[in-house]
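Spelled out from the first residue to the last, the chains are:
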Amino acid sequence: MPENNEITLPSNFIKKIIDDDLLTNKWGGRVNTRFPPEPNGYLHIGHAKSICLNFGLANEFKGLCNLRFDDTNPSKEETEYVESIMEDVHWLGFDWQDRCYYASDYFDKLYDYAVQLIKDGKAYVCDLSADEMRETRGTLTEPGQNSPFRNRTVEENLDLFERMKKGEFEDGAKTLRAKIDMTSGNLNMRDPVIYRILKVDHHRTGDKWCIYPMYDFTHCLSDSIEHITHSICTLEFEDHRPLYDWFLDELGVYHPQQIEFARLNLSYTLMSKRKLLALVEEKIVSGWDDPRMPTICGLRRRGYTPESIRDFAERIGVAKKDSTVDFAFLEHCIREDLNKHVHRVMGVLNPLKVVIDNYPDDLIEEVEAINNPEDLSMGTRILPFSKVIYIEKDDFMIDPPKKYYRLAPGREVRLRYAYYIKCVDFVKDDDTGEIKEVHCTYDPETKGGSSPDGRKVQGTIHWVSAAHCVDAEIRLYDHLFNTENPGEGDYKQYLNPNSLEVVDAKVEPMLENAEPSSRWQFERVGYFCADSKDTQPGKPVFNRTVTLKDTWAKIVKKG
RNA sequence: UGGGGCGUAGCCAAGUGGUAAGGCAUCGGCCUUUGGAGCCGACAUUCGAAGGUUCGAAUCCCUCCGCCCCAGCCA
C-alpha cells in the first residue's frame, strides 16, 4: 500500500494496478515511471498532469521517476526546449536526481536492435516512396499490400541498412520496416517504418547519424532499457501497444507494462503544441511565457504557484474518459492557495479622487492594517492616511441600485482600516458626464474602522493616500479565447479581443519596489504577481493572476 | 463498413452484486472591517437506451445508441 505522508491522496485506476503489482510482487517491489517529453515546444498544463502523475506515483510508492527526452526527430527539436522543460519540471517541485536520459543516448543500442530484427528476418529495407507506402498501406477497412521489397534476404537487408547508416542514400529513398502483417486491422501493425533517412544534425548527436529511429520503435525500447515498470501514456497510444509488445517480444527484452489515461483538456484554452507554437510565432501572444498561455512558464508568470498546479492535477483525477475540465476549477485551486498564504495590500485599479473636506490639510496619520487575516503570524503594517485619497471608480455611484452598499451621495462607508467617510458632494465633468472627484467628511471617532457608538456601515472599500501611493502598471488578463472549446474549428476566430487590458493603477507605498514574481492580494480586487521580466524598482508592473470571487458582479449580472 | 477505447449531475470523479462518495459550478441562508475568506443547506429515485439474470443491478448477460483515437518516412 502507498505510504500516506500527511493527507490521503485520492486513488485512481493506475494506483490500483500498482497496488496489485506490489501485492503480487510483479516487479520485485519496484516502481519506476518516467516523464518522456519531446523537446519540440514548451510544457503546458496538460504535461503538468502527466508530470504530477508520474513523479507523484514514484513519490507515493517510494519508487523512481526518470526524465527522458524522446528526441528522435532532430528537425523539430532544440536545446532551448530541453532547458525549458527541465526548468519547468523542477519548478513544479519534482526531481529526477541523476536520471535525466535522452532517447538519443540509446541510438547505438537501438541500431543494434534493428540489426537483430533484420537478422531474425523480422525487418527489411524498403525502397517505396512515402506516397507509394501510403497507397499500399490500405485503408481503415481494406487491408494493405505487401511491399515488393518485403522478401529481400537477410544479407541484402543488412548491407542496405548499413549503407543507409553510412549516408549512401538520399532522404526518403529507403526505410527500414518491421515485417509484421499488412492485413492487420490495426494500422500500426502494417509493416511500420522503424528507421528513416534524415540528413539533419541532431541537437545532441550532431552529425553522427543520418538515419533516425521512429518514435514507436524508440519509445518502447527506451522504456525497456531503463527498466521502467509502469509506462504511463495517453489514450491515443493504446493501439500502439500491440506494436510495442511485438518489438519487445521479438527482441526478447525487458517488457514494461503500459497504462493509458485520458489527457487533460481545459475549457477556454488550447493544449495543442502546434497551435500554441503558432500563437507564439504569429505574435498573437508575447511568447511561450505570455501569462495568457496555458504553458507552465505562462502560468508561472501569471502568478500560479507550483502547489496550486499540483493540487489541481491531483484533484482532477486520472481516468480513461475524454474530458474537459472547467477552467474555473484551476482558478479555484490557485485562489485557495493564495488566500491562505499571500500578503494583502491596497491597490486601486481605476482611481477616483476623494477629498475629505473636514480633514486637516497637512495632517498625515498612520493606520494599522493586517497583512493576512488568514494567517495573523504575517503581522501588520502601517498605511499613511491623508486628506486626499483614491478609491475605485466602481465604489461610487450617483444613483446606486438597491443592493449597492458602497459610496453614494449622503451615504457613509468604511475606508478599510481607516475611517468612516460620508459623501457630501461630487464634481462631474459637464461634457463627458464623468465624475471628476468626490467630496466627503470623515468621522474622527472612527479611526481604525469602527465607531464608538456602534453604528454599522454596510460597505467597506479600499483606498490609497494620494500623496503617498505609487503608480503601477497592471495587466488584467482574461481567457485568450472566448469560447469554451477553441480547439474545435478555426481557433483564431475565437480569440478574445479583451484578453489583456493594461491599466494605470495607484498602489500602496510598500509595493514601490515589489520583488519580481512576488505575489499579493489586492484587497477586494484579486491576486497579482509582480511581472518577472518587466517590473522595476520604483516602476512596478503587476499581472492579475485571478480575480477574487465577486458576488456583487453576480448580482449586477442577474439584473 | 476494419481495429482500439470510452459513456455516472452543467464540469471533473468515486463506486466493480446490497440500494449513487467528494470537488468545481450553480442556487438559498448565516457571518463578515475584503460583497474576500469561512460556515450551513439545496442540487442524479438513478448511472447512454431497451431487454434479461437475481430477493436485490451503475455493477453480471444480451441488443442497440452515442462520442473519441488510428490510414506521418511526427511524437
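Refer to the structure printed above.
So, how was this worked out
- Residues numbered from 1 in each chain as written.
- Chains lettered and ligands numbered in written order.
- Predicted model: local features only at pLDDT ≥ 70, side-chain atom pairs only at ≥ 80, totals over all residues.
- Heavy atoms only, no water.
- Helix = DSSP H or I, 4+ residues; strand = E, 2+ residues; numbered from the N terminus.
- Rg over C-alpha atoms; globule rule 2.2 N^0.38 Å.
- Buried < 20%, exposed > 50% of the residue type's maximum accessible area, 1.4 Å probe, protein only.
- Areas by Shrake-Rupley, 256 points an atom, 1.4 Å probe, with all protein chains shown as cover.
- Pairing = 2+ DSSP bridges.
- Salt bridge = Lys/Arg side-chain N within 4 Å of Asp/Glu carboxyl O.
- Contact = heavy atoms within 4.5 Å.
- Polar contact = N/O pair within 3.5 Å; in protein donor to acceptor, adjacent residues only side chain to side chain.
- Axes fitted to C-alpha atoms, helices over the stretch in contact; angles between N-to-C directions.
- Phe/Tyr/Trp six-rings, centres within 6.5 Å; stacked < 30°, edge-to-face > 60°.
- Near = heavy atom within 4 Å.
- Nonpolar A, V, L, I, M, F, W, Y, C, P; charged D, E, K, R; others polar.
- Core = buried A, V, L, I, M, F, W, Y, C linked by side-chain atoms within 4.5 Å.
- Patch = residues over 30% accessible without salt bridge, like charges linked within 9 Å, V, L, I, M, F, W, Y side chains within 5 Å.
- Lys, Arg positive; Asp, Glu negative; His and termini not counted.
- Charge placed at Lys NZ, Arg CZ, Asp CG, Glu CD.

## Points about the overall build of chain A
If you tally the helices and strands in chain A, you get 13 helices and 27 strands. The C-alpha radius of gyration of chain A comes to 31 Å, more than 25% above the 24 Å expected for a compact globule of 559 residues. Here the C-alpha coordinates of chain A stretch approximately 100 × 55 × 40 Å along the principal axes. The buried share of chain A, taken over its 559 residues, is 52%. Carbon and sulfur atoms make up 47% of the accessible area of chain A, which amounts to about 25,700 Å² in all.

## Focus: the pairing of strand 15 (residues 365–370)
Here strand 15 shows one buried face, formed by E365, V367 and A369, and one open face, formed by E366, E368 and I370. Taken together, the six bridges between strand 15 and strand 16 (residues 380–385) define a ladder with antiparallel strand orientation. Each residue of the ladder has a partner; that of E365, found in strand 16, is F385.

## So, the pattern of salt bridges
Scanning the entire structure with this criterion turns up 47 salt bridges. D108 is paired through a salt bridge with K208; the nearest N and O atoms lie 3.0 Å apart. Placement of the pair is D108 in helix 4 (residues 107–119) and K208 in the loop between strand 6 (193–197) and strand 7 (211–213), with a sequence separation of 100 residues. Put simply, K353 and E437 hold a salt bridge, and the shortest N to O gap is 3.7 Å.

## Some remarks on the environment of R406
Its place among the elements puts R406 in the loop between strand 17 (388–392) and strand 18 (412–415). Here the alpha-carbon distance between R406 and D395, two residues eleven residues apart in the chain, equals 5.6 Å. Apart from the residues within four sequence positions on either side, R406 is in contact with D394, D395, R411, V413, I461, R524 and W552. Here the side chain of R406 touches D395 through a polar contact of 3.0 Å, side chain to side chain.

## Quick look at the sheet that holds strand 2 (residues 64–69)
Taken in spatial order, the three strands of this open sheet run 1-2-3, and their pairing is parallel. Looking at which strands have only one partner, the edges of the open sheet turn out to be strand 1 (32–35) and strand 3 (100–102). Shown here is a sheet whose adjacent strand axes are inclined to one another by a mean of 35°, direction ignored. With three bridges joining them, strand 2 and strand 3 adopt parallel strand pairing. In the strand pairing of strand 3, F69 is matched with Y102. Against the sheet, helix 2 (residues 45–60) engages strand 1 and strand 2, with an angle of about 160° to strand 1. Across the face of the sheet, helix 3 (residues 79–92) comes into contact with strand 1, strand 2 and strand 3 while running at roughly 160° to strand 2.

## What to know about the packing of aromatic side chains
For any two aromatic rings, the description comes down to two numbers: the centre-to-centre distance and the angle of the planes. Scanning all chains against the criterion turns up 27 aromatic pairs. Pairing F217 with F247 gives two aromatic rings, centres 5.1 Å apart and planes at 80°, and the pair type is edge-to-face. Within this pair, whereas F217 is found in helix 7 (residues 215–225), its partner F247 is found in helix 8 (residues 241–251), the two being separated by 30 residues in sequence. The exposure class assigned to F247 is buried, which follows from its relative accessible area of 0%. Between F385 and W463, the aromatic rings sit 5.2 Å apart at their centres with planes inclined by 80°, giving edge-to-face as the arrangement. With F385 in strand 16 and W463 in strand 22 (residues 463–465), this residue pair connects regions lying 78 residues apart in the sequence. Both residues of the pair, F385 and W463, belong to the buried class. Through a chain of ring-to-ring contacts, the aromatic side chains of F107, Y111, F161, Y195, W209, Y212, F217, W246 and F247 assemble into a single cluster.

## Details of the protein's contact with RNA strand B
Inspection of the region around RNA strand B gives 68 residues, with K16, R344, G448, Q521 and K549 positioned closest. The sugar-phosphate backbone supplies 67% of the atoms of RNA strand B found within 4 Å of the protein. Between D322 and RNA strand B, the recorded distance is 3.3 Å, taken from a side-chain N or O atom to a sugar or linking oxygen. Counting residues per element, the ones that place at least two in the surface near RNA strand B are helix 5 (130–136), strand 6, helix 11 (306–316), strand 11 (323–325), helix 12 (327–341) and helix 13 (551–558). Looking at the surface near RNA strand B residue by residue, the class counts come to 22 nonpolar, 20 polar and 26 charged.

## Points about the nonpolar core
Nonpolar side chains in soluble globular proteins tend to end up buried together. Formed by 39 residues in total, the largest nonpolar core has its most connected members in F161, Y195 and F217. Broken down by secondary-structure element, the contributors of at least two residues to this core are helix 4, strand 4 (123–126), helix 6 (154–166), strand 5 (175–178), strand 6, strand 7, helix 7 and helix 8. The element that contributes the greatest number of residues to this core is helix 4, accounting for eight residues. In this structure, F94, I309, L330 and Y527 belong to the second largest nonpolar core, which totals 38 residues.

## Topic: the sheet that holds strand 17
Read across the open sheet, the seven strands follow the order 21-18-19-20-14-17-22; overall the sheet is mixed. Two strands close off the open sheet at either side, each with one partner strand: strand 21 (460–461) and strand 22. Across seven bridges, the pairing between strand 19 (residues 420–428) and strand 20 (residues 435–442) is antiparallel. Each residue of the ladder has a partner; that of V427, found in strand 20, is E437.

## Regarding the side chain of N54
Its place among the elements puts N54 in helix 2. According to the relative accessible area criterion, N54 is buried, its value standing at 0%. Those residues in contact with N54, other than ones at most four positions away along the chain, are T33, R34, C65 and I232.

## Digging into a positive patch on the surface
On the surface, a cluster of positive charge is contributed by K403, K549, K554, K557 and K558. Looking at the secondary structure, you find K557 in helix 13.

## Remarks on the environment of H219
Position of H219 among the secondary structure elements: in helix 7. On the basis of relative accessible area, H219 is assigned to the buried category, the value being 3%. C-alpha separation for the pair H219 and D71, spaced 148 residues apart in sequence, amounts to 9.9 Å. Contact partners of H219, with chain neighbours within four places excluded, come to R34, P36, R68, D70 and S231.

The values are spatial; any link to function lies outside them.
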